[in-house]
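So you can see what is in the structure, the chains are spelled out below.
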Amino acid sequence: MAEVITMPRLSDTMEEGTVAKWLKKVGDKVEEGDILAEIETDKATMEFESFHNGTLLHIGIQEGDGAPVDSLLAIIGDEGEDFSALLNGGSAAPAKEEVAETKPVETAAPTSAPAAMPEGVVIVTMPRLSDTMEEGTVASWLKKVGDTVEEGDILAEIETDKATMEFESFFSGTLLYIGIKEGEGAPVDSLLAIIGPAGTNVDAVLNAQSGGGAASAPTTEPANTEAPVAEASSAAPVASASTDGQRILASPLAKKIASEKGINLANVKGSGDNGRIVKKDVENYQPSQTAAPAAEKAVESAPVAPVALPVGEESIEEVKNSTMRKVIAKRLGESKFSAPHYYLTIEVDMDNAKASRSQINNLPDTKVSFNDMVLKACAMALKKHPQVNTSWNGDSTLYKHHVHMGVAVAVDDGLVVPVIKFADQLTLSQLGTAVKDLAGRARTKKIKPDEMEGSTFTVSNLGMFGILEFTSIINQPNSAILSVGAIVDKPVVKDGQIVVGSTMKITLACDHRTVDGATGAQFLQTLRAYLENPVTMLA
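Anyway, here's the lowdown on the structure attached to this text. Each chain carries its own residue numbering, running from 1 in the written order of its sequence. For this predicted model, a pLDDT threshold of at least 70 governs which residues receive local features, and a threshold of 80 or more governs which side-chain atom pairs are given and counted, while totals over whole chains, interfaces and linings are taken from all residues. Side-chain measures were taken over the full set of non-hydrogen atoms in the model, leaving aside hydrogen atoms and water.

We now examine the overall build of the protein chain. Secondary structure elements follow DSSP: runs of H or I of four or more residues count as helices, runs of E of two or more count as strands, with numbering from the N terminus. The helix and strand tally for the protein chain stands at 13 helices and 26 strands. The classification of residues rests on relative accessible area computed with a 1.4 Å probe and restricted to protein chains. Under 20% of the type maximum is buried, over 50% is exposed, and intermediate values are partly exposed. Expressed as a percentage of the 539 residues in the protein chain, the buried residues total 43%. A contact between two residues is defined here by any heavy atoms of the two lying within 4.5 Å. Partitioning the intrachain contacts of the protein chain with sequence separation of at least 6 by distance along the chain shows that 60% fall at a separation of at least 24. Calculation of accessible area relied on Shrake-Rupley with a 1.4 Å probe; when residues are assessed, cover is drawn exclusively from the protein chains displayed. When the accessible surface of the protein chain is totalled, it reaches about 28500 Å², and 51% of it is carbon and sulfur.

Set out below in structure tokens:
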């Protein structure tokens, strides 16, 4: 039998949602737990999953379109089933009434009540206050049966699977019935409360909801609505006055509107329970209302100059992600969440490296960089510590007897990693030439795909940007990546004396599945020995 799916309330302040993307199309099979669509709320874009099995028969809201909460989102049923009767009036709620007698709560859309429902009565259901919420518990009721409820008033505090949130009313009237007591839990869309005109027969409402089979409800509560209303109205000023000097009580919707209008809630007088500020208080707020009493209390004090709040137009540009950006996100996400990373950092004395580089670059037709020296030192250290030159392969570990060095290069669209094959067999000048060639062609998008494959170890250098120290995400299927910082001059201790020295911090990120801490530390010791004594790399 067909089921009508309505636009869910995915956040406590959500009033309407936009379908960002459908992950199923009409005719597709749908299983319970399948993601139907990505829905954009006022806070985030969330995945919305199906709670029913069947075939997607109809889509009521197209991609990019928005609609209020409880609007008809989709219809799921048996393949070939006639669902035209569910589309009468264009509302999802009557369809729910016809096809799902076991879920009468879902027929409670305030805009389309059954014929037997008394006029002006609204059924309030347990809201979905988080994307994973399946049931909620009423922590406390802030209104009682018989109280007058205004739009924006906080009805109750509801505990979800993530937090306890305030749930405000979107309707005005009298609280006629409470369906879930304090401390009790119920699934999403269960009958939470009934709001309507004072004196309404609640039994008739419950019978209309359940088709004549409603559970028994107290009949004495609605009859005594006048006394509680009088008590609430007379107590309101006292509760409002008692909030002076305490935290500001305001509904989430009131806070949102105040933030958008730049209104300080401390200056707003609340008309809700215990002085709580609700929507209408913020909308009706006039600055002059608070200025006059302040002047009466402090006649001799100088007037407070109004705060000049910045004004402007919010502007957002949506740019589609390139294929490269999507691949980078996918690969790095897979690496970060599949490989257990840990990091080791050392500081290297670069005085001898600077002197050696200066001498090498004085040779004719020779030019090497500090990055070339790091690559050469890494290649030689990998030969001495083959455990670092490995890949995790599930039931086995792959030991690479060759050294293919990946070099992270920033390009306009993101990041690419050209690979220098057999780097341990190249001289410093040959490494420098290879890096310049590959990096240049990577930036002009002329590099070949096979020139970015097969790395066994990767080096990422941000020292030229002045970055002193950072960590990198391992480039799968490597077991480690080296992050190289800038060379800085600072006071160091040598032979018991404080002198000016040049140091560089390097950080090794390791996959703990293949490289233990001691192994990574020994690799860095060898790397330090090569960099602090570059002549050993030339021997």
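Before going further, it helps to spend a moment on the packing of helix H10 (residues 370–384) against helix H12 (residues 517–532). H12 packs onto H10 with a crossing angle of 135° between their chain directions and a minimal axis gap of 9 Å. By the angle class used here, H10 and H12 are oblique. Relative to H12, the crossing made by H10 is right-handed. Across from Met 373, Val 374, Ala 377, Cys 378, Met 380, Ala 381, Leu 382 and Lys 384 in H10, the residues of H12 making contact are Phe 523, Thr 526, Leu 527, Tyr 530 and Leu 531. The axes are straight lines fitted to the C-alpha atoms, using for helices just the contacting stretch, and the angles between their N-to-C directions are given from 0 to 180°. Angular relationships are summarised with four words: roughly parallel below 35 degrees, roughly antiparallel beyond 145, roughly perpendicular across 65 to 115, and oblique for the angles in between. Should the near helix be turned counterclockwise from the far one by less than a right angle, the crossing is left-handed, whereas a clockwise turn marks it as right-handed.

Okay, the sheet that holds strand S1 (residues 3–6) next. In short, DSSP must find at least two bridges between two strands for them to pair. The sheet built from 4 strands is open, its strands ordered S1-S8-S6-S3 with antiparallel pairing. Strand pairing shows two members of the sheet lacking a second neighbour, S1 and strand S3 (29–30), which therefore form its edges. Judged from the 4 bridges that link them, S1 and strand S8 (residues 72–77) form a sheet pairing that is antiparallel. Opposite Ile 5, over in S8, you have Ala 74 as the bridge partner.

Like-charged residues within 9 Å of one another, or nonpolar side chains (Val, Leu, Ile, Met, Phe, Trp, Tyr) within 5 Å, are grouped into patches, provided each residue has over 30% relative accessible area and no salt bridge. Definition used for salt bridges: Asp or Glu carboxyl oxygen within 4 Å of a side-chain nitrogen of Lys or Arg. For the purpose of counting charges, residues Lys and Arg are taken to be positive, whereas Asp and Glu are taken to be negative. His and the chain ends are not included. Positions of charges follow a simple convention, taking NZ of Lys, CZ of Arg, CG of Asp or CD of Glu. Where like charges cluster on the molecular surface, the negative patch consists of Glu 32, Glu 47, Glu 49, Glu 134 and Glu 135. Note that Glu 49 resides in strand S5 (residues 45–49). For Glu 49, a relative accessible area of 31% gives the class partly exposed.

The next thing to look at is a nonpolar patch on the surface. Together, Met 464, Phe 465 and Ile 467 make up a nonpolar patch on the protein surface, roughly 340 Å² of accessible area in all. With respect to the helices and strands, the residue Phe 465 is situated in the loop between strand S24 (457–461) and strand S25 (480–494). Overall, the relative accessible area of 60% leaves Phe 465 in the exposed class.

Attention shifts here to the pairing of strand S4 (residues 35–40). Here strand S2 (residues 16–22) pairs with S4 via 4 bridges, running antiparallel. Among the inter-strand pairings, Lys 21 is bridged to a residue of S4, identified as Glu 38. Two strands pair when backbone bridges link them, and S4 and S5 are joined in this way by 5 bridges, in the antiparallel orientation. Counted as the bridge partner of Glu 40 is Thr 45 from S5.

Time to look at the pattern of salt bridges. Taken as a whole and assessed by the stated rule, the structure comprises 14 salt bridges. The salt bridge partner of Glu 79 is Lys 29, with a shortest N-O separation of 3.2 Å. Pair noted here: Glu 79 is in the loop between S8 and helix H1 (92–99) and Lys 29 is in strand S3, with a separation of 50 residues, a long-range link. Exposure class is identical for Glu 79 and Lys 29. Each is exposed. Ionic pairing is found between Lys 144 and Asp 147, a salt bridge with its closest N-O pair at 3.5 Å. Within the structure, one salt-bridge network assembled from shared partners comprises Asp 349, Asp 351 and Lys 494.

The values reported here are purely geometric and, on their own, carry no functional implication.
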